[in-house]
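# Structural overview for review
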Amino acid sequence: MNQNRMILKGNICYSRSLSELRILEPGYLLCEDGICRGALEASGGPEALSEEWRQVPVTDYGGCLIIPGMTDLHLHAPQYEFRGMGMDMELLDWLEQYAFPAEAGYAKLSYADRAYEGFVEDLKASFTTRACMFATIHRESAELLMEKLDKAGLAALVGKVNMDRNSPDILREKSPEESAEQTVQWLERTAGRFLQVKPILTPRFIPSCSDGLMERLRRLQKAYRIPVQSHLSENPGEIQWVRELCPESACYGDAYDRFGLFGGEDCPTVMAHCVYSDRREQELMKERGVWAAHCPQSNMNLSSGIAPVREFLDRGIKTGLGTDVAGGHSLSMFRAITDAVQASKLYWRLVDQTKKPLALEEAFYMATVGGGSFFEAAGFAASGRFEPGQSMDALVLDDGPLRASRDYTARQRLERLIYFDDVRTLKAKYISGKKVSH
Ligand code: GUN
Ligand code: FE
């Protein structure tokens with residue numbers, strides 16, 4: 001018998017498509033070497049299993065719900081320490097007064113060690129199984145963050161940030177050469193070192209990256225074939241600044257595209273926010289296969305606005321959800337799902353009544369399949385559903401703490417679990433078939 005096989009039993013729920021869930025009440029989830037081998041109806045008992053699977057031990061989670069793990073497609077690990085502060089500011093002031101001073105502290109490795117330890121501990125205990133994140137400009141503390149995520153068994157893309165202009169002295173690389181050189185050292189030191197933690201190229205945003213730096217990053221992207229993350233069309237003040245800095249660019253996205261850092265072949269790219277991406281910019285995203293990381297809570301906290309997510313979906317732009325800690329104050333992807341649904345209702349009511357609000361199914365899909373597809377493009381096993389061949393990333397949810405006093409359907413339970421956003425409901429979490437918490 002293959003020792004690396006296991007079966008989980010419970011009420012299984014995952015996306016069949018953008019608008020539809022597949023529910024097995026109850027179901028078996030088959031796993032081999034960390035990979036999902038399918039999900040089957042279990043109501044008829046073990047007869048549903050083929051001969052070879054009937055001998056495999058079953059972990060029975062009874063009435064619990066089993067869903068795919070959440071992928072947080074955009075967050076800032078060093079900002080975790082000051083979440084929930086400066087929430088009365090807009091982006092540029094908040095960066096100057098909160099984000100930049102806090103990030104400067106990560107020059108000191110002993111400080112980074114302490115701060116990242118707490119962040120990783122909390123991420124491990126959360127609903128998130130994969131996360132695509134910014135570190136700071138400091139390559140040694142970025143490396144330390146990667147070590148900690150790896151040790152915790154989490155899957156992650158981590159970026160050492162590049163920034164060489166329009167930033168305070170304490171958080172600015174002195175030249176494009178220095179920024180590129182530090183990035184190369186970081187890439188060389190981390191390449192292939194971790195099981196499920198990989199580097200991602202991270203120009204912070206156009207205002208903080210000179211043309212010389214962007215040109216060097218283009219060369220590094222090509223040489224190392226690594227994915228790219230950055231920010232796009234987030235806040236009116238920022239967008240106006242980009243217009244002034246890049247008068248020759250047709251749109252904000254074009255300012256990245258000119259340097260080959262906006263998707264296309266061998267350059268999986270995720271752009272956070274896209275709140276003000278107009279038709280032209282969205283068409284460019286679609287053409288280049290750029291992912292949008294929708295971060296509704298951050299967009300509310302920093303008074304940025306509401307991203308036109310319905311348009312992204314209608315255009316077939318690949319879209320995931322991000323917490324954008326600490327623009328977002330919550331690390332919870334369940335909260336991000338709820339915020340996405342709520343923001344879409346206000347968009348529909350107040351901005352454009354032809355843009356139907358998001359259904360729970362759609363926001364759930366973005367948090368699982370949408371983000372998972374970016375990781376797949378970045379070289380990870382597929383995730384986000386329980387289809388054969390996908391990574392076995394699963395959350396086991398027990399709604400006992402929510403005081404259910406009558407029977408609910410699995411769909412109702414899922415909605416309630418997401419809206420209540422209570423981490424006490426997380427009974428177990430698996431990443432690539434390995435139990436990582438509880
Ligand atoms: N744009 C550039 N840097 C940042 C950041 O740290 N947070 C957010 N929300 N937007 C940014
Ligand atoms: Fe961000």
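A brief structural summary. (Residues numbered from 1 in each chain as written. Chains lettered and ligands numbered in written order. Predicted model: local features only at pLDDT ≥ 70, side-chain atom pairs only at ≥ 80, totals over all residues. Heavy atoms only, no water.)

Protein coordination of the iron ion (ligand 2) is provided by His74 (NE2), His76 (NE2), His231 (NE2) and Asp324 (OD), with donor distances spanning 2.1 to 2.3 Å. Bound by 4 donor atoms, the iron ion (ligand 2) shows angles of 86 to 175° at the metal and therefore irregular coordination geometry. Here the donor residues of the iron ion (ligand 2) share one chain and are spaced in sequence as H-x1-H-x154-H-x92-D. Considered together, His74 and His76 belong to a single accessibility category, that of buried residues. (Donors = N, O, S within 2.8 Å, 3.2 Å for Na, K, Ca; no water. Tetrahedral: all angles 85-135°; square planar, octahedral: opposite > 155°, others 65-115°. Buried < 20%, exposed > 50% of the residue type's maximum accessible area, 1.4 Å probe, protein only.)

Here we take up the site of ligand 1. Taken together, His76, Gln79, Leu91, Trp94, Leu95, Arg204, Phe205, His231, Glu234, His273 and Asp324 make up the full set of residues near ligand 1. Within the side chain of Glu234, one N or O atom sits 2.8 Å away from a nitrogen atom of ligand 1. Residue Asp324 places a side-chain N or O atom 2.8 Å away from a nitrogen atom belonging to ligand 1. Given that more than half its atoms are within 2 Å of the pocket grid, ligand 1 belongs to the largest cavity. Broken down by element, the residue count for the shell around ligand 1 peaks at 3 residues, all from helix α2 (residues 91–104). Grouping the amino acids of the shell around ligand 1 by side-chain chemistry returns 4 nonpolar, 4 polar and 3 charged. (Near = heavy atom within 4 Å. Polar contact = N/O pair within 3.5 Å; in protein donor to acceptor, adjacent residues only side chain to side chain. 1 Å grid on protein atoms, 1.4 Å probe; cavity = no way out; pocket = protein on both sides within 12 Å on 5 of 7 lines; lining within 4 Å. Sits in = over half its atoms within 2 Å of the grid points. Helix = DSSP H or I, 4+ residues; strand = E, 2+ residues; numbered from the N terminus. Nonpolar A, V, L, I, M, F, W, Y, C, P; charged D, E, K, R; others polar.)

Another aspect to go through is the environment of Ser391. Along the chain, Ser391 falls in the loop between α13 (360–377) and β15 (394–397). Take Ser391: its relative accessible area is 1%, and that puts it in the buried class. Remark: the alpha-carbon pair of Ser391 and Asp33, spanning 358 residues in sequence, is separated by 9.3 Å. Once you skip the residues sitting within four places of it in the chain, Ser391 turns out to touch Gly34, Ile35, Cys36, Arg130, Ala381, Ala382, Ser383 and Ser432. Within the structure, the side chain of Ser391 is placed 2.7 Å from the side chain of Asp393, a separation counted as a polar contact. A polar contact is formed between the side chain of Ser391 and the side chain of Ser432, at a distance of 3.2 Å. (Contact = heavy atoms within 4.5 Å.)

The mixed open sheet is built from 7 strands, whose spatial order is β3-β2-β1-β4-β15-β16-β17. If you trace the sheet from one side to the other, it starts and ends with β3 (35–41) and β17 (434–437), each paired once. Pairs of neighbouring strands in the sheet enclose a mean axial angle of 40°, with direction left out of account. Its contacts with the sheet put helix α14 (residues 410–420) on β1 (5–17), β2 (20–32), β4 (58–68) and β15, and the angle it makes with β4 is roughly 70°. (Pairing = 2+ DSSP bridges. Axes fitted to C-alpha atoms, helices over the stretch in contact; angles between N-to-C directions.)

Summed over all chains, the structure comprises 30 salt bridges. With a closest N to O distance of 2.6 Å, Arg193 and Glu147 form a salt bridge. Note that Arg193 is positioned in the loop between α5 (176–190) and β9 (197–199) and Glu147 in helix α4 (residues 139–151), a separation of 46 residues in sequence. Arg193 gets classed as partly exposed once you look at its relative accessible area, which sits at 36%. Taken together, the shared-partner salt bridges in this structure form one network comprising Arg5, Glu32, Arg37 and Glu52. (Salt bridge = Lys/Arg side-chain N within 4 Å of Asp/Glu carboxyl O.)

All right, on to the state of the cysteines then. In protein structure, a disulfide is the covalent linkage between the sulfur atoms of two cysteines. For the structure on display, the rule yields 0 disulfides. There is no disulfide at Cys246, and the cysteine sulfur nearest it, in Cys209, is 10 Å away. With no disulfide of its own, Cys267 lies closest to Cys132 among cysteine sulfurs, the gap being 13 Å. The exposure class of Cys267 is buried, given its relative accessible area of 2%. (Disulfide = S-S within 2.5 Å.)

Applying the stated criterion across every chain yields a total of 11 aromatic pairs. Aromatic side chains Tyr106 and Tyr116 sit 4.9 Å apart centroid to centroid with 40° between the ring planes, which places their arrangement in the tilted category. Taken as a pair, Tyr106 in the loop between α2 and α3 (109–124) and Tyr116 in helix α3 lie far apart in primary sequence, 10 residues in all. Pairing Trp291 with Phe374 gives two aromatic rings, centres 5.1 Å apart and planes at 75°, and the pair type is edge-to-face. Taken together, the residues span a long stretch of sequence, with Trp291 in strand β13 (residues 291–294) and Phe374 in helix α13 at a distance of 83 residues. Phe374 carries the same exposure label as Trp291, and that label is buried. Among the aromatic residues, those joined into a cluster by ring pairs are Phe82, Trp94 and Tyr98. For Lys318, the ring lying beneath its charged end belongs to Trp291, and the centroid distance is 3.7 Å. The side chain of Arg416 reaches across the aromatic face of Phe420, ending 5.0 Å from its centre. (Phe/Tyr/Trp six-rings, centres within 6.5 Å; stacked < 30°, edge-to-face > 60°. Lys NZ or Arg CZ within 6 Å of the ring centre and 35° of its normal.)

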